[in-house]
Amino acid sequence: MAAPTGNVMDRIVALCKRRGFIFQSSEIYGGINGFWDYGPLGVELKRNIKDAWWKDMVQDREDMVGLDCSIIMHPQVWKCSGHFDLFSDMMVDCKACKARFRADQLNDMQCPMKPSKHPGEHDKCQLTEPREFNLMLETYPGPIKDEANRAFLRPETAQGIFVNFKNICDSTRIKVPFGIAQVGKSFRNEITPRNFTFRSREFEQMEIEFFCHPSESNKWYEYWRDARFNWYTSLGLASNKLRLREHGKEELSHYSCGTSDIEYAFPFLAEGDFGELEGVAHRGDFDLRSHMEGKLVNKDGQLVVDLGPDGKPKWKGSGKDLSYFDDERKERFIPHVIEPSAGADRGTLAFICEAYTVDESRPSPELMKFHPRLAPIKAAFFPLVNKDGLPEIAEPIYREVRKRWPVQYDAKASIGKRYARMDEAGTPYCFTIDGQTKEDGTVTVRDRDTGAQERIDKSRVVEYLTEKLAR
Ligand code: ATP
């Protein structure tokens, strides 16, 4: 097979479609901008990423509990969180081509009009003044579609955690410092979705809100920033393509005392550029306080939302006491919060980009070097030929291993083609049952990354995989 040509990102997108990792949503109708579907391999990969996160962040820790909240919540949640007033991007329209752009992304946008109809350069005289565009998607639960029934699809999972803080303290024996974790869909009406799944309108987040005593919050902020960075490298993201970027003061959100982004050098970005995978933010007591008091104040105590005509904050909080009494300290306080907020789709895309490898010395040069924990298929079993008693030996081995891991059986096509298919799917180990198996009971096992083969006794296959997959 010839070496693949074209730019790396185009080849990754093509492989994702060809092998069933990611498809455009509603493709048979021409697609819908900003929405994506995960095919059979993609859904396993993304699930493995979410499962790894859940196991490492929730199940293996004694200071974390999980939660699964509804996507549509009481509209007041978004008023008190600040999203209703503040969650917007600046948007500009091009008068010539009528296209809409995010003001801060103008330089790298392409004009959708043909060059003959439009110069393609959005110099200021053709653009409208930037104006705010709220990113929350609206919906109207119930039979009447009016203002009173307007609700929003959540733009982040975090607020569901804050509004359940008291429920969790009351229903479990967990004590501050502790975290609440949630994985789920979020929606943002992005002005210009782009870069494959990187910026979508529907996406999944994996978020933690970690509650601690204010005096310990800086220590926990540093802890989570480093722990989250190391999580990505432990699953195979190369540390030279990952970086931690501390936000400058001018870049911080109105509530944040410190934020770091974990960023990855995605191949669709210019050389030397990085894109956000996860934000780790020190949010102080902003969220719990806002849901208590309805006052949106920043860390300097300034009101960030207008007062109503009566001089009181426009939006009322829940009025519920969301403070915490610490038995050991004998002290009541509003916990400070550290928020590591990761995107499951951006994570999946980063692991796909990292795994994509071209090895021109192979007959089929494209392969996906997924970490064994993330690989959608863990092993494949091939009788060398589909006769001579080999399937009768191969199938029982396959059936036994299948009880433990997702594995595949393939008896068709040349052995080279079968290896190539598994390399593209990112399967770390392939076992071949051949003539020698009949004589001495050994099978060959081939390593995806090196192509090296060794023979092991067929009775050792489960043991072999147990050891290798635990890496
Ligand atoms: P960006 O600056 O790229 O718009 P953000 O800073 O608004 O991202 P956060 O609000 O911190 O993002 O959301 C946390 C995480 O959720 C991000 O790090 C990212 O992984 C994911 N995420 C946010 N918006 C999108 C989106 N439109 N599509 C896919 N993932 C997203």
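Residues numbered from 1 in each chain as written. Predicted model: local features only at pLDDT ≥ 70, side-chain atom pairs only at ≥ 80, totals over all residues. Heavy atoms only, no water.

## Here's the deal with the overall build of the protein chain
Looking only at helices and strands, the protein chain features 13 helices and 23 strands. For the protein chain, the C-alpha atoms occupy an extent of roughly 90 × 70 × 50 Å along the three principal directions. Counting all 471 residues of the protein chain, 52% fall into the buried class. Long-range contacts, defined as pairs at least 24 residues apart, comprise 66% of the intrachain contacts of the protein chain with a sequence gap of at least 6. (Helix = DSSP H or I, 4+ residues; strand = E, 2+ residues; numbered from the N terminus. Buried < 20%, exposed > 50% of the residue type's maximum accessible area, 1.4 Å probe, protein only. Contact = heavy atoms within 4.5 Å.)

## Some thoughts on the environment of Pro365
Take Pro365: it is sitting in the loop between strand S17 (356-358) and strand S18 (366-368). Note on Pro365: relative accessible area 3%, which makes it buried. In this structure, the C-alpha to C-alpha distance between Pro365 and Ser323, residues 42 residues apart in sequence, is 58 Å.

## Concerning the domain arrangement of the protein chain
What the domain assignment lists for the protein chain is domain 1 (8-86 + 140-351), domain 2 (88-134) and domain 3 (377-469). Placing the centre of domain 1 and that of domain 3 at their C-alpha centroids yields a distance of 41 Å. On the domain 3 side, the residues contacting the six residues of domain 1 number five residues. When domain 1 packs against domain 3, the two sides together hide about 510 Å² of surface, and 42% of this comes from carbon and sulfur. Run the count over domain 1 and domain 3 and you get two salt bridges. Here Glu424 makes a salt bridge to Arg19, at a shortest N to O gap of 3.4 Å. Across the domain 1-domain 3 interface, the total number found is three residue pairs in polar contact (both at pLDDT 80 or more). Broken down by secondary-structure element, the contributors of at least two residues to the side of domain 1 that touches domain 3 are helix H1 (8-18) and helix H2 (40-59). Of the residues that constitute the side of domain 1 that touches domain 3, the class distribution is three nonpolar, one polar and two charged. (Domains from an automatic or database assignment. Buried area = accessible area lost by both parts, 1.4 Å probe. Salt bridge = Lys/Arg side-chain N within 4 Å of Asp/Glu carboxyl O. Polar contact = N/O pair within 3.5 Å; in protein donor to acceptor, adjacent residues only side chain to side chain. Nonpolar A, V, L, I, M, F, W, Y, C, P; charged D, E, K, R; others polar.)

## Focus on the packing of aromatic side chains
Counting across every chain of the model gives 25 aromatic pairs. Here Phe178 and Phe211 contribute two aromatic rings whose centre-to-centre distance is 5.7 Å and whose plane-to-plane angle is 35 degrees, an arrangement assigned as tilted. Taken together, the residues span a long stretch of sequence, with Phe178 in strand S9 (residues 178-187) and Phe211 in strand S10 (residues 202-212) at a distance of 33 residues. Neither Phe178 nor Phe211 differs from the other in exposure class; each is buried. (Phe/Tyr/Trp six-rings, centres within 6.5 Å; stacked < 30°, edge-to-face > 60°.)

## Focus on the packing of H2 against helix H9 (residues 344-355)
Where H2 contacts H9, the axes come no closer than 10 Å and their chain directions differ by 115 degrees. Of the possible angle classes, the one that applies to H2 and H9 is roughly perpendicular. The crossing of H2 and H9 is right-handed. Residues Leu45, Lys46, Ile49 and Lys50 of H2 pack against Ala344, Asp345, Gly347, Thr348, Phe351 and Ile352 of H9. (Axes fitted to C-alpha atoms, helices over the stretch in contact; angles between N-to-C directions. Parallel < 35°, antiparallel > 145°, perpendicular 65-115°, else oblique. Left-handed = near helix turned anticlockwise from the far one by under 90°.)

## Things to note about unusual backbone geometry
Between Val176 and the following residue, Pro177, the backbone shows a cis peptide bond with an omega angle of 5 degrees. On the secondary structure map, Pro177 appears in the loop between helix H6 (165-171) and S9. Of note in the backbone geometry, Phe196 takes a positive phi value of approximately 60 degrees without being a glycine. With respect to the helices, strands and loops of the structure, Phe196 is situated in the loop between S9 and S10. Notably, Ala413 is not glycine yet its phi reads approximately 70 degrees, a positive angle.

## Comments concerning the packing of H1 against H9
The interhelical angle for the contact between H1 and H9, taken along N-to-C directions, is 110 degrees, at an axis separation of 11 Å. One element, H1, and the other, H9, form an angle in the roughly perpendicular class. Between H1 and H9, the residues in contact are Met9, Ile12 and Cys16 and Leu349, Ile352 and Cys353, respectively. Here the contact of H1 with H9 is composed, by residue class, of six nonpolar, no polar and no charged.

## Considering the site of the ligand
Taken together, 15 residues lie around the ligand, and Glu190, Arg199, Ser200, Glu276 and Leu277 are the ones closest in. Between an oxygen atom of the ligand and a side-chain N or O atom of Arg199, the distance comes to 2.8 Å. The separation between an oxygen atom of the ligand and a polar side-chain atom of Glu276 is 2.6 Å. Burial of the ligand by the surrounding chains reaches 81%, relative to a free accessible area of 600 Å². At the level of secondary structure, the elements contributing two or more residues to the shell around the ligand comprise S10, strand S13 (275-284) and strand S16 (336-343). At four residues, the largest contribution of residues to the shell around the ligand is made by S13. Broken down by class, the residue content of the shell around the ligand amounts to three nonpolar, six polar and six charged. (Near = heavy atom within 4 Å. Areas by Shrake-Rupley, 256 points an atom, 1.4 Å probe, with all protein chains shown as cover.)

## Looking at the sheet that holds S9
Strand order in the open sheet formed by seven strands is S3-S9-S10-S16-S13-S12-S11, with mixed pairing between adjacent strands. Looking at strand neighbours, the two that pair on one side only are strand S3 (64-66) and strand S11 (242-246), the edges of this open sheet. Taken over all neighbouring pairs, the strand axes of this sheet differ in orientation by 20 degrees on average, direction set aside. Bridge analysis of S9 against S10 gives 10 bridges, and the strand direction is antiparallel. Within S10, the residue paired with Phe187 across the bridge is Glu202. Packed on one face of the sheet, helix H7 (residues 217-234) meets S3, S10, S11, strand S12 (258-264), S13 and S16 and runs near 165 degrees to S13. (Pairing = 2+ DSSP bridges.)

## Considerations on the pairing of S13
Burial runs high along S13: nine of the 10 residues are buried. Bridging between S12 and S13 involves seven bridges; their strand directions are antiparallel. Considered in S13, the bridge of Ser260 is made with Val280. As defined by bridge partners, S13 adjoins S16 across six bridges and the pair is classed as antiparallel. If you follow Gly284 over to S16, its bridge partner there is Val337.

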